[in-house]
Amino acid sequence: MSRNRLYRNKNRALIGGVCAGISDWMGVNLTALRIITVVLAIPFTAVVLIGYLVLWVLVPKRPSGLYRDSREEAFWKEVRRSPTDSVGQLNRRYRELDNRLQKMEAWLTSSEYRIDRELRD
């Protein structure tokens, strides 16, 4: 039982759980993935149908006790996402912290702060 492995998700399945499993594994919207699959099946019917059947046979069903709760499942989904998303989130967070620090520094070095401090003392 590997939490980073691709499994078919029979709980959210319409046919075989392949799209639901890919959605869980890649972290994409299940409905969008199903729509893309149907749209691609129109011009490439044989390829999509054979590919789906091969995945249905080769990809194992998701074990029932894979995650303890929804928080653990959310954590492992985040781990599987691309590292650039995590780095992007960290960059955004540090940029926000830097902006807050700059605002605090500007306030502390302003003449308004000195006047307020002198009036309080």
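Read on for a plain summary of the structure. (Residues numbered from 1 in each chain as written. Predicted model: local features only at pLDDT ≥ 70, side-chain atom pairs only at ≥ 80, totals over all residues. Heavy atoms only, no water.)

1. Some details on the nonpolar core
The biggest cluster of nonpolar side chains holds seven residues, and these are Val 18, Cys 19, Ala 20, Ile 22, Leu 30, Leu 33 and Tyr 52. Mapped by element, the contributors of at least two residues to this core are α1 (18–26) and α2 (30–41). Ranked by the residues each element gives to this core, the list is headed by α1, at four residues. Dropping the residues within four chain positions of it, Leu 30 is found in contact with Arg 12, Cys 19, Ala 20 and Ser 23. (Core = buried A, V, L, I, M, F, W, Y, C linked by side-chain atoms within 4.5 Å. Buried < 20%, exposed > 50% of the residue type's maximum accessible area, 1.4 Å probe, protein only. Helix = DSSP H or I, 4+ residues; strand = E, 2+ residues; numbered from the N terminus. Contact = heavy atoms within 4.5 Å.)

2. Topic: the pattern of salt bridges
Enumeration over the complete set of coordinates arrives at three salt bridges. A salt bridge links Arg 12 to Asp 24; the shortest N-O distance between them is 2.4 Å. With a gap of 12 residues between them, Arg 12 in the segment before α1 and Asp 24 in helix α1 connect regions that are remote in the sequence. We classify Asp 24 as buried; its relative accessible area is 8%. For Arg 68, the salt bridge goes to Glu 72, with nearest N and O atoms at 3.3 Å. According to the relative accessible area criterion, Arg 68 is exposed, its value standing at 75%. Judged by relative accessible area, Glu 72 falls into the buried class, the value being 11%. Sharing partners across several salt bridges, the network here consists of Arg 12, Asp 24 and Arg 62. (Salt bridge = Lys/Arg side-chain N within 4 Å of Asp/Glu carboxyl O.)

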